[in-house]
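Listed below, chain by chain, are the residues.
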Amino acid sequence: MASAVKAGPRLRRAAEGGELDGLPPGLRAELREALASEGSVVPFSLLRRLHAALREAESPLHLHQLLEGCEIHLPEVPVPPRNPELVARLERIKAKLANEEYRRMTRNITGKETNGTLAEFGRQVRSVKAVVLTIFNFIVTVVATFACTYLGSQYIFAETAARVLSAVIVASVVGLAELYVMVRTMEGDLGEL
């Protein structure tokens, strides 16, 4: 937190010239001493006393005029040394995360050549199985939506044509939503390859 100002040219001129002669000599000496110090740092407490003395002396000079060109002095905050145990722990965590990322990047890479017909056949069966299950899930969802809407709409519509039309509309909407989800899933799967 700031507790002093760096003296500007206006404050130096006033202290070195005769503008502050109406002030008590002790205050002037203290101000000259602060201006002569390293960095010309004047503490706020001295500025408060200078302000009070200027008011008492009914000087035409005001404190804000003296402070023109001054800058607030912000002392440097000492940085505490880092705890060696914490540094070692952070290094272990960084190494662990780097290893996990490396394993994730290289999980599909094996050192063995698997060109055998049985391994190839297993991969093809798995991919066909996934496609068949996806299509079966799509058909079951659309048919179930049609059936539920057809049976549920009997309380709203008396005519069969209106019930069938509403069931087809709802089943189409659900089918389109299901297709959208399937495409997004396929894009995600293809993105990981």
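Right above here is the structure, for reference.
Worth saying up front: this structure is predicted, and the values here are computed from it rather than measured.

Conventions used here
- Residues numbered from 1 in each chain as written.
- Predicted model: local features only at pLDDT ≥ 70, side-chain atom pairs only at ≥ 80, totals over all residues.
- Heavy atoms only, no water.
- Phe/Tyr/Trp six-rings, centres within 6.5 Å; stacked < 30°, edge-to-face > 60°.
- Helix = DSSP H or I, 4+ residues; strand = E, 2+ residues; numbered from the N terminus.
- Lys NZ or Arg CZ within 6 Å of the ring centre and 35° of its normal.
- Buried < 20%, exposed > 50% of the residue type's maximum accessible area, 1.4 Å probe, protein only.
- Lys, Arg positive; Asp, Glu negative; His and termini not counted.
- Salt bridge = Lys/Arg side-chain N within 4 Å of Asp/Glu carboxyl O.
- Contact = heavy atoms within 4.5 Å.
- Arc of directions from axis to C-beta.
- Pairing = 2+ DSSP bridges.
- Axes fitted to C-alpha atoms, helices over the stretch in contact; angles between N-to-C directions.

Draft legend 1. Looking closely at the packing of aromatic side chains. One pass over the structure, following the stated rule, counts one aromatic pair. Ring plane angle 10° and centroid distance 6.2 Å describe the contact between Phe146 and Tyr150, whose orientation is recorded as stacked. Highlighted residues: Phe146 and Tyr150, both in helix H6 (residues 117–152), separated by four residues, approximately one helical turn. The ring of Tyr150 carries Arg163 above its face, with NZ or CZ at 4.2 Å from the centroid.

Draft legend 2. Quick look at the side chain of Glu178. Looking at where Glu178 falls in the secondary structure, it is placed in helix H7 (residues 160–192). Buried and without a salt bridge, Glu178 has Arg184 as its closest oppositely charged side chain, separated by 14 Å. If we ignore the near neighbours within four places in the chain, the residues touching Glu178 are Asn137, Phe138 and Thr141.

Draft legend 3. Local environment of helix H1 (residues 9–16). Buried residues of H1: Arg10, Leu11, Ala14 and Ala15, and no others. The arc that holds every buried residue of H1, seen down its axis, measures 130°, which confines them to one face. Opposite the buried face of H1, at more than 90 degrees from it, the exposed residues are Pro9, Arg13 and Glu16. Considering only its buried residues, H1 is in contact with helix H2 (25–36), strand S2 (41–43), helix H3 (44–56) and helix H4 (63–66).

Draft legend 4. Molecular detail of the sheet that holds S2. What the three strands build is an open sheet, ordered S2-S1-S3; its pairing is antiparallel. Each edge of the open sheet carries a strand with a single partner, namely S2 and strand S3 (71–73). Taking the axes of each pair of neighbouring strands and ignoring which way they run, one obtains an average angle of 40° across the sheet. Looking at chain direction, strand S1 (residues 4–6) and S2 are connected through three bridges and run antiparallel. What sits directly across from Val5, in S2, is Val42. Across the sheet, H3 is in contact with S1 and S2; its angle to S2 comes to roughly 65°.

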